[in-house]
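So you can see what is in the structure, the chains are spelled out below.
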Amino acid sequence: MPRTGLEERTTPTEAEVVLWRKRALVRHGLAGRAGRNILVDADRSYLRAPFRRQLEPTGTIRIGEWEPDLVCVLDAGGAERLAGCEVKATTDHERGIIQANRYRDGVHAAYLCIPAL
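Conventions and cut-offs
- Residue positions are counted from 1 within each chain, in the order its sequence is given.
- Residues qualify for local features only when their pLDDT is at least 70, as the model is predicted, and side-chain atom pairs are given and counted only at 80 or more; totals for whole chains, interfaces and linings, by contrast, use all residues.
- To get the side-chain values, all heavy atoms of the structure are used, and hydrogens and water are removed first.
- The helix and strand labels rest on DSSP assignments: H or I over at least four residues marks a helix, E over at least two residues marks a strand, and numbering proceeds from the N terminus.
- Each residue is placed in one exposure class: buried if its accessible area under a 1.4 Å probe, protein chains only, is under 20% of its type's maximum, exposed if it is over 50%, and partly exposed if it falls in between.
- Throughout, a contact is declared for two residues whenever any of their heavy atoms are within 4.5 Å.
- By convention a nonpolar core is built from buried Ala, Val, Leu, Ile, Met, Phe, Trp, Tyr and Cys residues, the set being connected through side-chain atoms within 4.5 Å.
- Just to be clear on terms, a salt bridge is a Lys or Arg side-chain nitrogen sitting within 4 Å of an Asp or Glu carboxyl oxygen.
- The rule for pairing is simple: two strands pair if DSSP sees at least two bridges between them.
- Between N-to-C directions, angles span 0 to 180 degrees; the directions come from axes that are lines fitted to C-alpha atoms, helices contributing only their stretch in contact.

## So, the side chain of Gln99
- You can see Gln99 is positioned in helix α4 (residues 93-103).
- You can call Gln99 buried: its relative accessible area is 7%.
- Beyond its immediate stretch of four places on either side in the chain, Gln99 contacts Trp66, Glu86 and Lys88.

Structure below.
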């Protein structure tokens, strides 16, 4: 998990999980593909996080009635693929599966990101 100054808590916030996913995309990509053009949702809880500047750029992408927590471009052997990620911290994992599935209408790949606790 990212160092945010909140490490004494045993469970991460959703904003911390988003930051972890963003950093991992920058450093390691996703599914063997480099990640770039990462946009974090302009959710109020993310914008109020003490590390909000590390989440930038922020904005809102809508896929139907849904807003992914994070959208990025994945490079794959000369092809570009749009990926959407739903992020859940410690609860609502089943709802996250449903949400990520709904993003499939607007992206090439949809993912659910949850922390391993």
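## Describing the nonpolar core
- Membership of the largest hydrophobic core comes to 20 residues, with the highest contact counts inside it found for Val18, Leu25, Leu55, Leu70 and Cys72.
- Sorting the residues of this core by element identifies α1 (14-28), β1 (34-41), β3 (70-76) and β4 (79-87) as the ones contributing at least two each.
- Top element by residues in this core is α1. It accounts for five residues.
- Filtering out sequence-adjacent residues up to four positions away, Val18 remains in contact with Val40, Tyr46, Leu55, Asp69, Leu70 and Val87.

## Considering the pattern of salt bridges
- Counted under the stated rule, the structure contains six salt bridges.
- Put simply, Arg62 and Glu67 hold a salt bridge, and the shortest N to O gap is 2.2 Å.
- With relative accessibility at 28%, the residue Glu67 sits in the partly exposed group.
- In this structure, Glu86 and Lys88 form a salt bridge, with 3.3 Å as the shortest nitrogen-oxygen distance.

## Regarding the environment of Trp20
- Locating Trp20 in the fold gives a position in helix α1.
- Once the C-alpha coordinates of Trp20 and Cys113 are considered, the two residues, 93 residues apart in sequence, prove to be 9.9 Å apart.

## Here we look at the environment of Leu55
- Within the fold, Leu55 resides in helix α3 (residues 52-55).
- Placed 58 residues apart in sequence, Leu55 and Cys113 show a C-alpha to C-alpha distance of 16 Å.
- Not counting residues up to four positions away in its chain, the partners in contact with Leu55 are Ala15, Val18, Leu19, Lys22, Val40 and Tyr46.

## Side note on the sheet that holds β4
- Spatial ordering of the open sheet is given by β2-β1-β3-β4-β5, a layout of five strands whose pairing is mixed. Among the strands making up the open sheet, the edge pair consists of β2 (58-59) and β5 (109-113).
- With respect to the sheet, α4 is in contact with β4 and β5, its orientation differing from that of β5 by roughly 165°.

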